[in-house]
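Understanding the architecture of this molecule
One letter stands for each residue in the lines below.
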Amino acid sequence: MQELLLDVHRRLAERYIHLKWWPADTDFEMACGAILTQNTNWRNVEKAIAGMKDGGLMSPEAVLSADYEFLKECIRPSGYFNQKAERLVILSRFILDLPGGTISGLAEYPAERAREMLLDLKGVGEETCDSILLYGAGFPVFVVDAYTMRVFTRLGILESKKYGEYQRMFMDNIEPDAELYGMYHGEIVEHAATVCLKRSPKCGECVLAEICERKGVAES
DNA sequence: AGCCAGGCCTGCC
DNA sequence: GGCAGGCATGGC
């Protein structure tokens, strides 16, 4: 399994080259992006992030002191703005209470504790939590999302709907390495979102075609 | 014109 | 513990 997972990574890395994934100027912007991208196309998230910046809201202090309706207007393009505005406020308050008042302050805690703290926040589920832990605070936790499940189910590597099972598959077989985990997850998203395996897979055209064939996955 | 997007919560069973 | 329904906008 370890060899297979690293093989997929190598093939993706050859095709999708990026220095550091999860584009964001600050860890706060990264964390906001994690909220804003919930069930939402990244193109719309970019508009909302730009909206927050234009509105002068790209800091936890600014979010907390802003007019609530104005905050909603700024993030409107990302959809679900009523829920997401509340989640941004909750997240901002949480961040200011961390050591140093920043997301990176989470690194003061053991990974398990930091994960619990984030999951306790209303509006932060497993994917949002792990994204922040990995890309915001540098913990070596593997992020699983809809793309990850779709790709690895499609490859015939793991048939499951459970977040934890996918995460364990990666973390039990690949050494903890935040840099590697971040790259790998980024490659999966780039691959699934831009080229292949969106809804109707055409494995014959993608860099994972050989693996599809080896696993006996039919092209369609 | 629909269908979909880098989820999560609530309320039911 | 699993599963439907709701949340909202913009792109293709």
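Refer to the structure printed above.
An account of the accompanying structure is given in this report. On a predicted model such as this, the values are computed, not experimentally measured, just so you know.

Quick notes on the rules
- Residues numbered from 1 in each chain as written.
- Chains lettered and ligands numbered in written order.
- Predicted model: local features only at pLDDT ≥ 70, side-chain atom pairs only at ≥ 80, totals over all residues.
- Heavy atoms only, no water.
- Helix = DSSP H or I, 4+ residues; strand = E, 2+ residues; numbered from the N terminus.
- Rg over C-alpha atoms; globule rule 2.2 N^0.38 Å.
- Buried < 20%, exposed > 50% of the residue type's maximum accessible area, 1.4 Å probe, protein only.
- Contact = heavy atoms within 4.5 Å.
- Areas by Shrake-Rupley, 256 points an atom, 1.4 Å probe, with all protein chains shown as cover.
- Lys, Arg positive; Asp, Glu negative; His and termini not counted.
- Charge placed at Lys NZ, Arg CZ, Asp CG, Glu CD.
- Axes fitted to C-alpha atoms, helices over the stretch in contact; angles between N-to-C directions.
- Parallel < 35°, antiparallel > 145°, perpendicular 65-115°, else oblique.
- Nonpolar A, V, L, I, M, F, W, Y, C, P; charged D, E, K, R; others polar.
- Near = heavy atom within 4 Å.
- Polar contact = N/O pair within 3.5 Å; in protein donor to acceptor, adjacent residues only side chain to side chain.
- Core = buried A, V, L, I, M, F, W, Y, C linked by side-chain atoms within 4.5 Å.
- Domains from an automatic or database assignment.
- Expected span 1.5 Å × (residues − 1).

1. Quick notes on the overall build of chain A
Check the secondary structure of chain A and you find 12 helices and zero strands. Listed N to C, the secondary structure of chain A is α-α-α-α-α-α-α-α-α-α-α-α in terms of helices and strands. Here the C-alpha radius of gyration of chain A, 18 Å, is about what a compact globule of 220 residues would show, namely 17 Å. Along the first, second and third principal axes, the C-alpha atoms of chain A reach 55 × 35 × 30 Å. Here chain A holds 220 residues, and the buried ones make up 49% of them. Considering only intrachain contacts with a sequence separation of at least 6, the fraction spanning at least 24 residues in chain A is 61%. Only carbon and sulfur atoms are counted for the fraction: they give 49% of the accessible area of chain A, which is about 10900 Å². Measuring between centres, the 25 positive side-chain charges of chain A sit 7 Å from its 34 negative side-chain charges.

2. Structural notes on the packing of helix α9 (residues 146-154) against helix α10 (residues 163-173)
With their axes 11 Å apart at the nearest point, α9 and α10 run at an angle of 70° to one another. Relative to α10, the element α9 is oriented roughly perpendicular. Facing T148, M149, F152 and T153 of α9, the residues of α10 in contact are Y163, Y166, M169 and F170. By residue class, the composition of the contact of α9 with α10 is six nonpolar, two polar and no charged.

3. Considerations on the protein's contact with DNA strand C
As a structural note, the neighbourhood of DNA strand C is formed by N39, N44, K47, R76, P77, G79, Y80, F81, N82, Q83 and K162. Of everything in DNA strand C that lies within 4 Å of the protein, sugar and phosphate atoms constitute 58%. The separation between a sugar or linking oxygen of DNA strand C and a polar side-chain atom of N44 is 3.2 Å. Of all elements in the fold, only α3 (42-54) and α6 (81-96) reach the threshold of two or more residues within the surface near DNA strand C. When residues of the surface near DNA strand C are assigned to their parent elements, the largest contribution, three residues, is made by α6. Across the surface near DNA strand C, the residue classes tally to three nonpolar, five polar and three charged.

4. Let's talk about the side chain of H185
Structurally, H185 can be placed in helix α11 (residues 178-195). One polar contact links H185 to Y135, side chain to side chain, over a distance of 3.1 Å. There is a polar contact of 2.8 Å between the side chain of H185 and the side chain of D145. Once residues lying within four places of it in the same chain are set aside, the contact partners of H185 are W21, Y135, F142, V143, D145 and T148.

5. Focus on the nonpolar core
Ranked by size, the top nonpolar core spans 72 residues in total, and within it L106, F152 and Y184 carry the most contacts. Lining this core are residues from two domains, each supplying at least three of them: domain 1 (2-20 + 143-214) and domain 2 (27-136). Residues contacting F152, with those up to four places away along its chain left out, are L5, V8, I157, L158, Y166, M169, F170, Y184 and I188.

6. A word on unusual backbone geometry
One non-glycine residue with positive phi stands out, namely N39, at about 50°. Residue placement: N39 occurs in the loop between α2 (27-36) and α3. The exposure class assigned to N39 is exposed, which follows from its relative accessible area of 68%. The backbone of Y80 shows a phi angle near 45°, a positive value even though the residue is not glycine. Locating Y80 in the fold gives a position in the loop between α5 (68-75) and α6.

7. Quick look at α6
Along its 16 residues, α6 runs 22 Å from first to last C-alpha, staying within 8% of the 22 Å computed at 1.5 Å per residue. Of the positions making up α6, those classed as buried are K84, A85, L88, V89, I90, L91, S92, F94 and I95. The secondary structure elements touched by the buried residues of α6 are α2, α3, α4 (60-65), α5, α7 (111-119) and α8 (126-136).

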